[in-house]
Amino acid sequence: MEEYTVERFEPSRFVKSHQFMAGGQTIAFDSISEDCVFYGEDGKAEASIFSISYLRKDTDGKRPVMFFWNGGPGSATSTLHLECFGPWLIQTEEGKPRYGLVENPESLLELCDLVFVDPVGVGYSRLLNPEKRGKYFSVDGDARSIAFFIAEWIRRNGRWNCPLYLCGESYGTVRACRVLAELGRSPYSESRKVLGIQVAGVILIGSAISMKPDGRLLEDGIELVTAMMPAMAATNWYHHPEGKKPQAEFVEEAWNFAKTELLSALFEGEDCPDERIAKDAKKLAEYTGMSEEYFRKTRLRLLSEQDFCVQTASDLGCRVDIYDSRVKIPLQADYNPVGNADNVPLAVMNGLLAPRLGIAFNRLYYTGNLTVYPDWDFDTEDLGPGLKKTHMGCLKAAMEANPAMETLFASGLYDLCTHVGNTRYALAHSGLPKERTIVREYPGGHGVYSSEEGKTRLMQDIRAMLERQGG
């Protein structure tokens, strides 16, 4: 697809001093916004990764550093940056456009430095040589570029002796696992250069690490209706709480039904008696808010996420949003899951944050780039004949290589995109060390910080991880 641009790329770096209140204290820090340019063997620029770093002043240079990125592929880090983790958050007021910045009293800057990374093609990052799309727009190529960006960031800032943390959301959880393989001395790393950089902890928000090369987001062996059961029950309870048990009890009851009665009926397939189908269809309707008739016709299967989105609140004249099922959208309205997402407005990044950070050049910050996804190579490199490296395998190898590393899985109960039930199932079959694997479910959507309670609890859990490891 041909693109239109008025930009002329020049590597840039902007530094500015700031202060704000966090944790009951005034924190002085610098923002460093800069390009990291990648060159080919011919010496010509191929791509640039642009990052925005917040570094606390008056420290010994050994405090932790956390690297953030979002997913897509083709999504920028602006939501993580301005809705949860940055020193400033986008100002929100019911019924009004989102425009304005306010200080973030829950920012982690008092405990660790923050680096917001936009992969090639989004944010201010650019693909400079279109012939190199395949090199950067692939699972392994993307991870390799991020890993070498991190190594270069450490070199530039002299941070070789500080604990490193990775935080990814959605496809960014896949990216985090692959970056671990590229950074570490891992048998899963195919890089020609071994970096040998260990990571102290990983935060995976809205885990997509079950993703297959065909885009399927489920583990082998689990049905969509089972994977979605906790979120469907939570959503149904949220919109129809009348006469139901407390939400947590209702959700777990639904999950136990899915693991036992429903699973055995699905296993029987066409041999399952019609009486059993009718009985379980009634239970599914009670837990999900969908119709019994639907589940009788599908023989207890859920054919798509959208079927649930349309049915569960149809009595209210609405469908629910796939990224946050608490959000209702009129049934008659046009609906595009990507277009309807409540993204950070372009004006806030370009018109408010950029001047505050002293960013002044002729580039626009793109919060998303829909030309990236269609060209993305979701396949992974072979380790040998018929042998692939899985995303979970990369994470497991990193945790085995570093006996102090912790991983936090953060799921939103109202996320209908990456499923709580699938994450539960994946972890039960993962072989990850349980004592260092923290699993949390928050009352939020795909970005678990979409609710104040979810955000507060997430930040508490990340702070606890940092403090356990001496951050």
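Everything quoted here is computed from the prediction, not taken from an experiment. (Residues numbered from 1 in each chain as written. Predicted model: local features only at pLDDT ≥ 70, side-chain atom pairs only at ≥ 80, totals over all residues. Heavy atoms only, no water.)

Would you mind going over the overall build of the chain in detail, with residue names and values included?
Counting secondary structure elements, the chain contains 14 helices and 16 strands. The C-alpha atoms of the chain give a radius of gyration of 23 Å, which matches the 23 Å a tight globule of 471 residues would have. With the C-alpha coordinates of the chain rotated into their principal frame, the extents come out at 70 × 55 × 50 Å. Relative to its full complement of 471 residues, the chain shows a buried share of 56%. Taking as baseline every contact in the chain between residues at least 6 positions apart, the subset at least 24 positions apart corresponds to 69%. For the chain, the exposed area adds up to about 20400 Å²; of that, 50% sits on carbon and sulfur atoms. (Helix = DSSP H or I, 4+ residues; strand = E, 2+ residues; numbered from the N terminus. Rg over C-alpha atoms; globule rule 2.2 N^0.38 Å. Buried < 20%, exposed > 50% of the residue type's maximum accessible area, 1.4 Å probe, protein only. Contact = heavy atoms within 4.5 Å. Areas by Shrake-Rupley, 256 points an atom, 1.4 Å probe, with all protein chains shown as cover.)

Lay out the side chain of His446 in plain terms, naming residues and giving numbers.
Positionally, His446 belongs in the loop between β16 (437-442) and α14 (452-468). There is a polar contact of 3.4 Å between the side chain of His446 and the side chain of Thr418. Other than its neighbours up to four places away in sequence, His446 contacts Glu169, Ser170, Ile205, Gly206, Tyr323, Asp415, Cys417 and Thr418. (Polar contact = N/O pair within 3.5 Å; in protein donor to acceptor, adjacent residues only side chain to side chain.)

Can you explain the packing of aromatic side chains? Please cite residues and give values.
Counted by the stated rule, this structure contains 23 aromatic pairs. The lysine or arginine in question, Arg356, covers the ring of Trp88, its NZ or CZ lying 5.1 Å from the ring centre. Over the face of the ring belonging to Trp255 we find Arg424, whose NZ or CZ atom lies 5.2 Å from the ring centre. (Phe/Tyr/Trp six-rings, centres within 6.5 Å; stacked < 30°, edge-to-face > 60°. Lys NZ or Arg CZ within 6 Å of the ring centre and 35° of its normal.)

A description of the environment of Ile277 should follow, citing residues and the corresponding values.
Relative to the elements of secondary structure, Ile277 occurs in helix α8 (residues 274-288). With residues near it in sequence (within four places) discarded, Ile277 still touches Cys272, Phe295, Arg296, Arg299 and Leu300.

Describe the packing of helix α1 (residues 78-85) against helix α11 (residues 346-356), naming the residues involved and giving the relevant values.
Packing of α1 against α11 leaves a shortest axis separation of 11 Å and a crossing angle of 60 degrees. Classified by the angle between their axes, α1 and α11 sit oblique to one another. In the packing of α1 onto α11, the handedness of the crossing is left-handed. Of the residues in α11, those touching α1 at Ser78, His81 and Leu82 are Val348, Met349 and Leu353. Here the residues of the contact of α1 with α11 are counted per class, giving four nonpolar, two polar and no charged. (Axes fitted to C-alpha atoms, helices over the stretch in contact; angles between N-to-C directions. Parallel < 35°, antiparallel > 145°, perpendicular 65-115°, else oblique. Left-handed = near helix turned anticlockwise from the far one by under 90°. Nonpolar A, V, L, I, M, F, W, Y, C, P; charged D, E, K, R; others polar.)

Any chance you could break down the pattern of salt bridges for me, citing the residues and the numbers?
A complete count under the given rule lists 32 salt bridges for this structure. Across the salt bridge formed by Glu441 and Arg424, the nearest N and O atoms sit 2.8 Å from each other. Here Glu441, found in strand β16, pairs with Arg424, found in helix α13 (residues 420-428); they are 17 residues apart in sequence, far enough to count as distant. What makes Glu441 partly exposed here is its relative accessible area of 23%. The partner of Arg440 in a salt bridge is Asp461, and the shortest N-O contact between them spans 3.5 Å. (Salt bridge = Lys/Arg side-chain N within 4 Å of Asp/Glu carboxyl O.)

With reference to specific residues and values, describe unusual backbone geometry.
In this structure, Pro73 follows Gly72 across a cis peptide bond, with omega equal to -5 degrees. Here Pro73 lies in the loop between β4 (65-69) and α1. Despite not being glycine, Ser170 shows a phi value in the positive range, around 60 degrees. If you trace the backbone, Ser170 turns up in the loop between β9 (164-169) and α4 (171-183).

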